[in-house]
Amino acid sequence: TYDMSREGDGAFFFGDGGGMFPPQLRKGYRMDHIGFDKDEAPKGMIAGDLFLLDIAAINGDSGSAVYSEATGRLIGVITYSLFERFVGTYAMHFTQAQIDQAERF
């Protein structure tokens, strides 16, 4: 049932800089997405749809859950911080086998 927010939709996360700070609420907006296939992805980047968010992030915020401001539902996990001003997150499309495995974990 996963559905990434649309361009312009609000998003938020609580980042703590890898435990260096108390969790801080950060808010912003979904900007756009960039699609990479395995042959196009720049070195160090994973193939797939990278969604860009206009939310400030700092080193150590990677792995923070990103939520839709409208629904409160999980829409991504911070994967990249770009220039400490933007966030990149991949679409979270899981197979039923991966969901089943996570439930048993």
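Residues numbered from 1 in each chain as written. Predicted model: local features only at pLDDT ≥ 70, side-chain atom pairs only at ≥ 80, totals over all residues. Heavy atoms only, no water.

Taken in spatial order, the 7 strands make up an open sheet running β5-β4-β1-β2-β3-β7-β6, and their pairing is antiparallel. Each end of this open sheet is capped by a strand with a single partner; those strands are β5 (74–77) and β6 (80–82). For this sheet the average axis-to-axis angle between neighbouring strands, irrespective of direction, equals 35°. The pairing of β6 with strand β7 (residues 86–90) spans 3 bridges and is classified as antiparallel. (Pairing = 2+ DSSP bridges. Helix = DSSP H or I, 4+ residues; strand = E, 2+ residues; numbered from the N terminus. Axes fitted to C-alpha atoms, helices over the stretch in contact; angles between N-to-C directions.)

What follows concerns the packing of aromatic side chains. Taken as a whole and judged by the stated rule, the model has 2 aromatic pairs. Relative to Phe 14, the ring of Phe 12 lies with its centre 6.1 Å away and its plane at 85°, an arrangement referred to as edge-to-face. On the basis of relative accessibility, which here comes to 48%, the residue Phe 14 falls in the partly exposed class. Among the aromatic residues, ring-to-ring pairing joins Phe 12, Phe 14 and Tyr 67 into one connected group. (Phe/Tyr/Trp six-rings, centres within 6.5 Å; stacked < 30°, edge-to-face > 60°. Buried < 20%, exposed > 50% of the residue type's maximum accessible area, 1.4 Å probe, protein only.)

Before going further, it helps to examine the pairing of strand β2 (residues 24–36). Direction of pairing for strand β1 (residues 10–15) relative to β2: antiparallel, over a ladder of 6 bridges. Opposite Phe 14, over in β2, you have Leu 25 as the bridge partner. Sheet analysis places β2 next to strand β3 (residues 48–54), joined by 7 bridges and oriented antiparallel. The partner of Gly 35 across the bridge, within β3, is Asp 49.

For the rest of this paragraph, the subject is the environment of Gly 76. Mapping Gly 76 onto the fold places it in strand β5. C-alpha of Gly 76 to C-alpha of Phe 51: the two residues are 25 residues apart in sequence and 8.7 Å apart in space. Dropping the residues within four chain positions of it, Gly 76 is found in contact with Ser 64, Ala 65, Val 66, Thr 89 and Met 92. (Contact = heavy atoms within 4.5 Å.)

In this section: the pairing of strand β4 (residues 65–68). A one-sided burial pattern is seen for β4, the buried positions being Val 66 and Ser 68 and the unburied ones Ala 65 and Tyr 67. Of the pairings in the sheet, the one linking β1 to β4 comprises 2 bridges and is antiparallel in character. By the bridge assignment for β4, Ala 11 is matched with Ser 68. Relative to β5, β4 runs antiparallel, the two sharing 3 bridges.

Bringing the nonpolar core into the picture now. Here is a general trend for soluble globular proteins: nonpolar side chains tend to be buried in one another's company. Membership of the largest hydrophobic core is limited to 9 residues, which are Ala 11, Phe 13, Leu 53, Ile 55, Ala 57, Val 66, Ile 75, Ile 78 and Val 87. For Phe 13, the contacting residues outside a window of four places in its chain are Gln 24, Leu 25, Arg 26, Ile 55, Ala 56, Ala 57, Asp 61, Ser 64, Ala 65, Val 66, Ile 78 and Val 87. The next biggest cluster of nonpolar side chains, apart from the first, holds 5 residues, and it includes Phe 36, Leu 52, Tyr 80 and Tyr 90. (Core = buried A, V, L, I, M, F, W, Y, C linked by side-chain atoms within 4.5 Å.)

That is the geometry; function is a separate question.
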